[in-house]
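Structure at a glance
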Amino acid sequence: NRNAIVITSIGEFKKLKLKESVSKGEELRAIEKKSLKDYRLYVSIISVFALIFILSVVYKYNNVVSTIVVETTSPIRLEINGFNRVIDVSSSTAKGKKLVSDTSVLDNKIDNAIYKILEYANENDMVKGSGIVVTITGKSLKHNALKETSDFIYRKDLKVRFNNSG
């Protein structure tokens with residue numbers, strides 16, 4: 001057996017890993033066997049930091065930082081999180097609800113979501129004569145954040161106005 005339980009000079013019981021065989025009552029020098037108890041403090045500190053990190057990511061994902069309203073013949077409301085992803089899409093009209101269900105833009109990047117909505121609106125005659133108005137409230141979009149959307153607008157020669165400050 002390569003392990004032994006010994007009593008130290010201060011009265012603590014320790015589990016040791018033995019390098020050579022010893023007999024009972026003999027004095028020895030050995031390395032203390034490490035167990036999970038020895039690392040409990042470090043594991044708990046790392047666990048607390050991991051929990052804080054996970055909770056902050058979940059909070060940032062679920063927290064709405066901006067709202068985008070795409071006004072076609074039916075207004076479509078997109079709620080955007082801190083990762084620039086769509087976390088909620090809604091519309092108050094039946095035609096708008098069909099657009100929401102057919103495009104499935106949930107958890108898409110903003111550019112891809114607006115592109116899909118404009119593409120669907122263009123294909124299904126949901127563009128007003130005055131054009132489409134996209135209003136962003138809350139955190140404004142960065143310059144050139146909608147590359148795919150702007151390319152689509154240019155190719156289809158759509159009349160789209162952006163209000164980036166709400």
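Note: the structure precedes this text.
Thresholds applied
Residues numbered from 1 in each chain as written. Predicted model: local features only at pLDDT ≥ 70, side-chain atom pairs only at ≥ 80, totals over all residues. Heavy atoms only, no water. Helix = DSSP H or I, 4+ residues; strand = E, 2+ residues; numbered from the N terminus. Rg over C-alpha atoms; globule rule 2.2 N^0.38 Å. Buried < 20%, exposed > 50% of the residue type's maximum accessible area, 1.4 Å probe, protein only. Contact = heavy atoms within 4.5 Å. Areas by Shrake-Rupley, 256 points an atom, 1.4 Å probe, with all protein chains shown as cover. Expected span 1.5 Å × (residues − 1). Core = buried A, V, L, I, M, F, W, Y, C linked by side-chain atoms within 4.5 Å. Pairing = 2+ DSSP bridges.

**A closer look at the overall build of the chain**
Helix and strand counts for the chain stand at 4 helices and 8 strands. In sequence order, the chain lays out its α and β elements as β-β-β-α-β-β-β-α-α-β-α-β. Its C-alpha atoms give the chain a radius of gyration of 31 Å, more than 25% over the compact-globule value 15 Å for 166 residues. Judged by the C-alpha coordinates and their principal axes, the chain covers about 100 × 30 × 25 Å. In the chain, buried positions account for 28% of the 166 residues. Intrachain contacts of the chain at a sequence separation of at least 6 include 43% that bridge at least 24 residues. Roughly 11500 Å² of accessible area belongs to the chain as shown, and the carbon and sulfur atoms make up 55% of that amount.

**Quick notes on helix 3 (residues 110-123)**
With 14 residues, helix 3 extends 20 Å between its outermost C-alpha atoms, agreeing within 8% with the 20 Å of an ideal straight helix rising 1.5 Å per residue. When we look at burial in helix 3, the residues that qualify are Ile-110, Asp-111, Ala-113, Ile-114, Tyr-115, Ile-117, Leu-118, Tyr-120 and Ala-121. Elements that come into contact with the buried residues of helix 3 comprise strand 4 (64-71), strand 5 (75-81), strand 6 (86-91), helix 2 (94-103), strand 7 (132-138) and helix 4 (147-156). Remark: Asp-125 follows helix 3 within two positions and exhibits a positive phi of approximately 50°.

**Quick word on the nonpolar core**
Counting residues in each nonpolar core, the largest one holds 28 residues, and the members touching the most others are Ile-68, Val-70, Ile-76, Leu-78, Ile-114 and Val-134. Elements supplying a minimum of two residues to this core: strand 4, strand 5, strand 6, helix 2, helix 3, strand 7 and helix 4. It is helix 3 that provides the largest number of residues to this core, a total of 8 residues. Setting aside its immediate chain neighbours within four residues, Ile-68 contacts Ile-76, Arg-77, Leu-78, Ile-80, Ile-110, Ile-114, Val-134, Thr-135 and Ile-136.

**Some details on unusual backbone geometry**
Non-glycine residue Ser-104 carries a positive phi angle of around 40°. On the accessibility criterion, Ser-104 (49% relative accessible area) is partly exposed. A positive phi angle, close to 55°, is found at Asp-157, a residue other than glycine. Within the fold, Asp-157 resides in the loop between helix 4 and strand 8 (160-163).

**Here's the deal with the sheet that holds strand 2 (residues 13-17)**
As summarised here, the arrangement of the 3 strands in space is 1-2-3, forming an open sheet in which the pairing is antiparallel. Edge positions in the sheet fall to strand 1 (3-7) and strand 3 (31-32), since each of these pairs with one other strand and no more. Here 2 bridges tie strand 2 to strand 3, and the two strands are oriented antiparallel to one another. Its bridge partner being in strand 3, Lys-17 is matched across the sheet by Ile-31.

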